[in-house]
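What the coordinates show
Listed here are the chains, written in short residue letters.
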Amino acid sequence: MRWNNQTEAVLDVTNPPAVNWFLHRLTHLRDRYNITSFKFSSGEIRRLPKYGQFFNKMVDLNNYTTQYIVMTTRLQGGNKAATQVDTAFSTQNITQYTSVSVPMKDGLRTVIPKVLTYSVLGYHFVIPEMDFMHSNTQVLPDKNLYIRWIQIMAFLPVMKFSNTCKFDSHTNQIVSDLITFHQNFTVPRILNMEKDVIKNGDPIIRPIWWLAPKNEDAQKIDNQFLIGDTIMVAPVVNTMYRQRRVFIPNGKWTRRDLGLSMLDQVTGPKWVNYRVPIDSVLFFTSD
């Protein structure tokens, strides 16, 4: 078959000897070069040959994706990180990083809805990827878009950098501070939620309506999200804006800066307008 203007082969994941051969080669590569994890592209049924024959007949071709992902988990364990995949089908019980494509032309507006959709479906570790994240791209983003993008990533389970965008020292410092914030604030809180997530199946990243299921405003919000029930994030998704309107759910919420200092408190439910300079991101905590 043809893919990316090259001739490609498709692995028959229903054939045990073929799978063992493939994994043996990857294991050798991993051990020789001390590779921590792999990213597996494709796996979707749209990549399969039109009249492909499988070792074990599949009534539903979507099962190819499931078996493909199950195969990749055999490279995890021990000191090896979870693998990253570009697709998913009935694999919510598997801990993996799932990539979600976000074309740069769509802007930041589509990032949060995509993350929330995957998260509510049970895929907790979603990595949105824009065009400029790929190491072979020659297209660099607008500086404001890049900063606002990293501000969203700082509150998600995983931050990924495939291509380092070089800007001015002020921008680089903003990004560095956000990486540190992710390590010191976001990751520990997500790890503390792990047992409840496994036990109850609740998503890590949650829509605002999770706290206000009967509130009509909360049902429509697609540019804010929750981490658990006690952290609310309201990023700026229009790179030209330096202010935004935020829906505050029921209860008392404390607005904080990246140093976790308290800026003010507000009690919901209600809407509030805030100024949001390019080097800041709106987030709130609730006791």
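The preceding data block contains the structure.
All of these numbers come straight from a predicted model, not from anything done at the bench.

**Some remarks on helix α5 (residues 169-192)**
The terminal C-alpha atoms of α5 lie 34 Å apart, and with 24 residues this matches the ideal 34 Å at 1.5 Å per residue to within 8%. The largest bend in α5 comes to about 40°, at His182. Every buried residue of α5 is accounted for by Thr171, Ile174, Val175, Leu178, Phe181, His182, Phe185, Thr186 and Ile190. Summarising the contacts, the buried residues of α5 are in contact with α4 (143-153), α6 (194-200), β8 (225-227), β9 (231-234) and β12 (282-285). For α5, the capping residue at the N-terminal end is Asp168, with a side-chain oxygen 3.1 Å from the backbone nitrogen of His170.

**Some thoughts on the pairing of strand β5 (residues 97-102)**
Sheet topology note: the strand β4 (residues 84-85)/β5 ladder contains 2 bridges and is parallel. Bridged to Gln84 within β5 is Tyr97. In this sheet, strand β6 (residues 126-130) lies alongside β5 in parallel orientation, the contact comprising 5 bridges. Bridge pairing in β6 links Val102 to Met130. Traced from β5 through helix α3 (residues 111-120) to β6, the parallel crossover comes out right-handed.

Cut-offs and rules
Residues numbered from 1 in each chain as written. Predicted model: local features only at pLDDT ≥ 70, side-chain atom pairs only at ≥ 80, totals over all residues. Heavy atoms only, no water. Helix = DSSP H or I, 4+ residues; strand = E, 2+ residues; numbered from the N terminus. Expected span 1.5 Å × (residues − 1). Bend = angle between axes of the 7 residues up to and from the residue. Buried < 20%, exposed > 50% of the residue type's maximum accessible area, 1.4 Å probe, protein only. Contact = heavy atoms within 4.5 Å. Polar contact = N/O pair within 3.5 Å; in protein donor to acceptor, adjacent residues only side chain to side chain. Pairing = 2+ DSSP bridges. Right-handed = clockwise from strand over helix to strand, strands pointing away.

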